[in-house]
Amino acid sequence: MYKLHLNLFVLTFGIFAKSVSAAEITTFEDCYATFENDVLIVGNQGIERSWRWTGKGFATQSLIDKANGKSWSSASKFEADWELPGDRELTEAKLISVDAQASDDEGFVDEHLEVVATVSYPESLLDVKYRIWVFPGLSGMRTQIFYRVGEGFKAAPRETRFGMPKDKWAVLSNPPTLYDDAPTTGGTPKKQYLKPEYLIDNQLGTLWLSTASEVRTGKPHEIVIDLGSSQDLDAIGVWPPLSYRRHGAPETVIVLLSDDRQAWSRPVAVIPVKRSNREFVASVDGAEARYLKLVMPQTSHVNTNNWSTSLAEINVYTKEYPYEAYTSRRTDYLPLESPDQLTRRGMGYFMDMQFRNYVDAEYYREVETSSSIGEQEVWDWVNMMDFTDSDGNGLLLVKESHKTAIEPGHFTGDYQVDSRGVSMTGLGLRESELRDEFRESWANWIILYSGDKDVRSLALKKFDRARFPTKLPGHRSVNACTWGGGSSPATNRALASESNVIAELNSLADLGVETLLIDDGWQLAPHETNSLPDSERGWKPNVERYTNGDWEKVLEASRKTGVDLALWTAIQRISDEDLRWNQDRVPFKHWKFDFVNVRDYDTKNLVETRAREFIKEYDFKVSAEWDLTESTPRYGLFWAREYGYIWLANRRKGGGFPHVSYQPAPMLKVVWDLARNLNTNKFQIVSVDVDQVPSISDASLHPMEYAFAISMVGIPMLFDSTKSFSSSTRDAVSRMVSIYKPHQDAMVDSYVFPIGEQPTNAGVSGFQFYNPDSNEGYLLIFRELHCAKTEFSLQLKFLKGMDLEVVDLRKERSSILKVNDSGYASFQIDNPADFLFLKYKI
């Protein structure tokens with residue numbers, strides 16, 4: 001037996017390689033791995049999984065919950081838990097090595113045992129690396145596939161992207177186009193590319209933008225396309241604009257056909273279009289036509305005052321150029337005992353935050369079924385998949401990716417359940433993106449538990465915290481941001497100037513706020529509107545806003561006030577040299593990385609590698625803040641959080657746009673939904689001066705303390721210009737910061753659970769901060785604005801039948817709180833739009 005002795009001051013560990021015929025056990029704390037007689041076993045005191053070597057790969061043969069003896073798996077029907085890219089069949093394989101090591105992933109993850117099996121497929125010119133992580137004391141396991149190609153490998157032709165050729169197409173109708181000939185202030189034509197012919201140019205970066213007229217049923221937009229000759233049709237596809245957040249988007253595209261432009265068919269397809277950067281396709285198999293009429297009977301708009309319609313591309317797929325959906329390839333597989341007899345739940349987050357600022361918005365979806373599976377059951381929108389038996393034993397699967405329920409992202413895959421088990425797909429790359437170095441697929445989590453949804457949630461949050469720790473700077477601070485204090489992009493960018501930043505630093509020091517994020521505008525001259533500098537100008541403080549184009553005066557003010565600095569940028573645009581140039585001059589605590597569009601593997605790799613290497617270079621004293629506000633495929637919720645945390649939503653006081661105006665109830669709801677499954681200490685939660693929010697919001701009917709208290713569930717962020725705060729707002733923020741800060745570490749170290757009702761602006765909602773390793777915790781309970789109740793009972797977690805010593809931290813009063821045998825306790829809040837902040841001790 002070998003025991004790995006761990007030096008806690010070392011961030012990387014050597015590999016303890018095992019011969020594939022060895023029977024030794026590699027251990028780390030309670031974790032172990034062994035490979036003997038073609039059987040690989042990995043586990044700890046809570047979970048054990050075994051695989052058999054088949055000659056073509058490793059196939060699962062058992063999965064055991066060691067806490068209760070529940071066996072979840074029998075022998076797999078496959079010869080390997082994974083598939084090869086494209087449509088390649090598994091060929092005879094050579095097992096190169098099975099290695100084991102203690103690791104913390106270069107300091108980014110909690111220490112764990114890592115097992116790596118390397119397999120070669122000589123006939124396919126492919127190598128596969130199968131990596132397994134098991135963490136001490138956690139009944140969960142993480143697996144991930146890596147692929148590498150050998151010399152002479154040729155990828156299969158890429159799937160058809162734009163269907164049939166469009167060189168003989170024509171746009172016959174001429175719907176009016178917005179900005180067609182409108183001059184800019186400089187006298188040149190404005191946005192000439194926004195014309196109908198750009199619907200058929202095979203360029204997703206161009207688009208048709210219609211006139212600014214309200215589009216409603218009865219007055220639709222429509223456009224007619226001539227295909228040049230009659231075609232045997234297979235499918236019709238439409239692409240919304242890749243950057244359409246300022247344009248109206250069709251909610252539905254109705255397809256009609258004709259051979260002569262005189263007689264039109266009934267609708268042959270109705271294509272629902274969501275706010276997602278992907279193609280939406282409908283089958284028209286068997287139809288023949290030369291002319292298409294696309295009718296858009298209704299559009300929606302968010303942050304513009306018109307109802308214009310915009311589309312980026314129209315694609316037609318025919319018998320000769322058929323539609324070929326990207327194939328989801330398997331990256332892991334679990335054979336299950338009688339899946340038909342298990343209750344199955346799919347759970348997913350939407351996170352289209354820039355467009356979901358209303359209390360009825362769907363942030364989280366959970367769908368449950370126990371019906372017969374049939375041939376196959378596909379869950380393609382979920383982040384998590386849960387299986388439970390009649391005894392309350394549970395198996396939770398998590399897809400580690402940037403998928404959201406509205407945005408599938410880059411080959412994030414799905415869960416495919418049949419009568420034998422569940423396939424976890426999601427290669428994370430096209431066959432054409434394979435290289436002669438290992439490239440990773442999206443990883444999978446397997447978590448076992450026994451109990452109700454609270455037990456499931458705790459098991460998930462424990463595993464999540466081990467995978468995405470809170471070690472880096474910024475998780476335990478109160479923050480402010482220069483953006484959000486103005487009424488327009490121009491005024492917000494002006495707030496990033498040197499003079500305003502220095503004024504804000506002085507204001508924040510007085511409030512007790514610890515970090516100021518300098519947002520968009522520091523890199524621009526006052527007259528510029530494009531926030532992304534070109535390569536020649538680079539990302540450095542603009543000389544028209546910063547003395548000598550340097551940080552010297554701002555750094556001096558930061559040191560004088562004791563308020564740390566953070567900085568905004570676009571991670572895909574800034575160079576490594578500019579990142580270092582700024583960080584070398586100011587020890588920024590974190591960087592807010594914005595404007596990411598992860599549409600391919602190279603972008604994903606660039607974003608992650610840049611953040612990882614940057615943090616390592618500066619000795620883990622800087623972190624990333626991922627901006628997740630838009631609907632484009634960005635970071636999602638289950639990827640890259642080991643490098644920092646997530647900027648959840650822009651909610652500001654000015655501008656007059658309902659979709660971004662701060663409203664307490666929607667903000668409370670999204671945080672409550674996050675707390676169902678995620679560790680909220682990984683999310684920046686914003687508040688603003690509620691007294692200055694326009695009347696389109698009810699924010700001014702709430703005390704400032706209420707808004708700040710919501711942000712305390714995550715990482716508090718004042719998204720405002722604090723130097724403009726009234727004296728009463730300043731007093732409220734200062735008071736809340738002074739109450740909160742002594743307890744912040746204990747709250748961050750806790751696991752947060754939602755309690756009460758899902759927020760509606762008329763109920764009682766809240767959060768319980770629970771630490772299984774402590775006899776203390778916290779309660780934040782909100783009586784919403786339109787709630788008529790003053791007294792109510794809430795069911796608490798893991799405290800049934802206990803008497804709690806409770807301190808009201810705002811009023812500094814102590815009392816005894818009795819929790820009945822069902823977990824309920826009684827509370828009282830005398831006024832609407834008020835809250836309790838309690839510390840309890842068992």
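What comes next is a walk through the structure. (Residues numbered from 1 in each chain as written. Predicted model: local features only at pLDDT ≥ 70, side-chain atom pairs only at ≥ 80, totals over all residues. Heavy atoms only, no water.)

**Topic: the overall build of the chain**
The cut-off we apply is this: Strands here are runs of E lasting at least two residues and helices are runs of H or I lasting at least four, both read from the DSSP assignment and numbered beginning at the N terminus. Based on C-alpha atoms, the radius of gyration is set beside the globule rule, defined as 2.2 Å times the residue count to the power 0.38. Throughout, a residue-residue contact means that at least one pair of heavy atoms, one from each residue, lies within 4.5 Å. Asp and Glu are treated as the negative residues and Lys and Arg as the positive ones, with His and the ends of the chain left uncounted. One atom stands in for each charge, and that atom is NZ of Lys, CZ of Arg, CG of Asp or CD of Glu.
A tally of regular secondary structure across the chain gives 10 helices and 49 strands. Against the compact-globule benchmark of 28 Å for 842 residues, the chain has a radius of gyration of 28 Å, which places it among compact chains. Once the C-alpha set of the chain is aligned to its principal axes, its extents read approximately 85 × 75 × 55 Å. Counted over contacts in the chain with a minimum sequence separation of 6, partners at least 24 positions apart contribute 71%. A gap of 2 Å separates the mean positions of the 94 positive and 119 negative side-chain charges of the chain.

**What to know about the pattern of salt bridges**
Convention followed: Take a side-chain nitrogen of Lys or Arg and a carboxyl oxygen of Asp or Glu: if they are within 4 Å of each other, that pair is a salt bridge.
Applying the stated criterion to the full structure yields 52 salt bridges. Linking E377 and R344 is a salt bridge whose minimum nitrogen-to-oxygen distance equals 2.8 Å. Within this pair, whereas E377 is found in strand β27 (residues 377-379), its partner R344 is found in strand β25 (residues 343-349), the two being separated by 33 residues in sequence. Here D576 ties to R610 by a salt bridge, and the two come within 2.8 Å at their closest N and O atoms. Note that D576 is positioned in helix α5 (residues 576-585) and R610 in helix α6 (residues 601-617), a separation of 34 residues in sequence.

**Brief notes about the side chain of K403**
Formally: Each residue is assigned to one of three classes by its accessible area relative to the maximum for its type, calculated with a 1.4 Å probe on protein chains only: buried under 20%, partly exposed between the two thresholds, exposed over 50%. We define a polar contact as two N or O atoms separated by no more than 3.5 Å, with the added condition that, inside protein, one atom must be a possible hydrogen donor and the other a possible acceptor, whereas residues neighbouring each other in sequence contribute only through side-chain atom pairs.
Tracing the sequence through the fold places K403 in the loop between β29 (393-400) and β30 (415-417). Despite its burial, K403 pairs with no opposite charge; the closest candidate is D380, at 6.5 Å N-O. A distance of 3.0 Å separates the side chain of K403 from the backbone oxygen of G413, its partner in a polar contact. Beyond its immediate stretch of four places on either side in the chain, K403 contacts D380, W381, V382, N383, P408, T412 and G413.

**Some details on the sheet that holds β27**
What links the strands of a sheet is backbone hydrogen bonding, and the strands pair in either a parallel or an antiparallel sense. Test applied: Strand pairing requires that DSSP identify at least two bridges connecting the strands. Fitted lines through C-alpha atoms give the axes, limited to the stretch in contact for helices. The angle between two N-to-C directions lies from 0 to 180 degrees.
Pairing is antiparallel across the open sheet formed by four strands, whose spatial order is β24-β31-β30-β27. The sheet is open, and its two edges are formed by β24 (330-335) and β27, each paired on a single side. The mean angle between the axes of side-by-side strands here comes to 15°, regardless of whether they run parallel or antiparallel. Sheet analysis places β30 next to strand β31 (residues 421-425), joined by three bridges and oriented antiparallel. Within β31, the residue paired with Y415 across the bridge is M424.

**A short note on the packing of aromatic side chains**
Put simply, the rule reads: Ring pairs are drawn from Phe, Tyr and Trp, using the six-membered ring of Trp, whenever the two centres fall within 6.5 Å, and their geometry is named by plane angle: stacked under 30 degrees, edge-to-face over 60, tilted for the rest. Only when the NZ atom of a Lys or the CZ atom of an Arg is both within 6 Å of the ring centre and within 35 degrees of the ring normal do we say a charge sits over the ring.
One pass over the structure, following the stated rule, counts 37 aromatic pairs. Judged by centre distance (6.0 Å) and plane angle (50°), the rings of W522 and W539 are tilted. Of this pair, W522 sits in the loop between β35 (515-518) and α4 (552-561) while W539 sits in the loop between β35 and α4, placing them 17 residues apart in sequence. When its relative accessible area of 1% is taken as the criterion, W539 is described as buried. Cation over ring: K129 sits above F146, and NZ or CZ is 4.8 Å from the ring centre. Looking at K604, its charged tip hangs above the ring of W442, at a distance of 4.9 Å from the centre.

**Some words on α6**
For clarity, the cut-off: Helix span, expected: 1.5 Å multiplied by one less than the number of residues in the helix.
End to end, α6 covers 24 Å across 17 residues, agreeing with the expected 24 Å (1.5 Å per residue, within 8%). The set of residues buried in α6 consists of Y601, T603, K604, V607, E608, R610, A611, R612, F614 and I615. Looking at the buried residues of α6, the elements they touch are β32 (439-440), α5, β37 (590-594) and β38 (623-627). Its side-chain oxygen placed 3.4 Å from the backbone nitrogen of D602, D600 serves as the N-cap of α6. Positive phi shows up at D619, right after α6, with a value of about 55°.

**Observations concerning the layout of surface pockets**
Where empty space is left becomes clear once a probe the size of a water molecule has been rolled over the atoms. Counted only if it meets this: Grid points spaced at 1 Å over the protein atoms alone were grouped into cavities, where a 1.4 Å probe fits but cannot get out, and pockets, open sets with protein on both sides within 12 Å along at least five of seven lines, with lining residues defined by an atom within 4 Å of a point. Grid points are joined across faces, edges and corners, and a volume is the space filled by probe spheres set on the points. The residue classification treats Ala, Val, Leu, Ile, Met, Phe, Trp, Tyr, Cys and Pro as nonpolar and Asp, Glu, Lys and Arg as charged. All others, Gly included, are polar.
By volume, the second largest pocket amounts to about 1500 Å³. Taken together, the residues that form the lining of the second largest pocket break down as 19 nonpolar, 12 polar and 18 charged.

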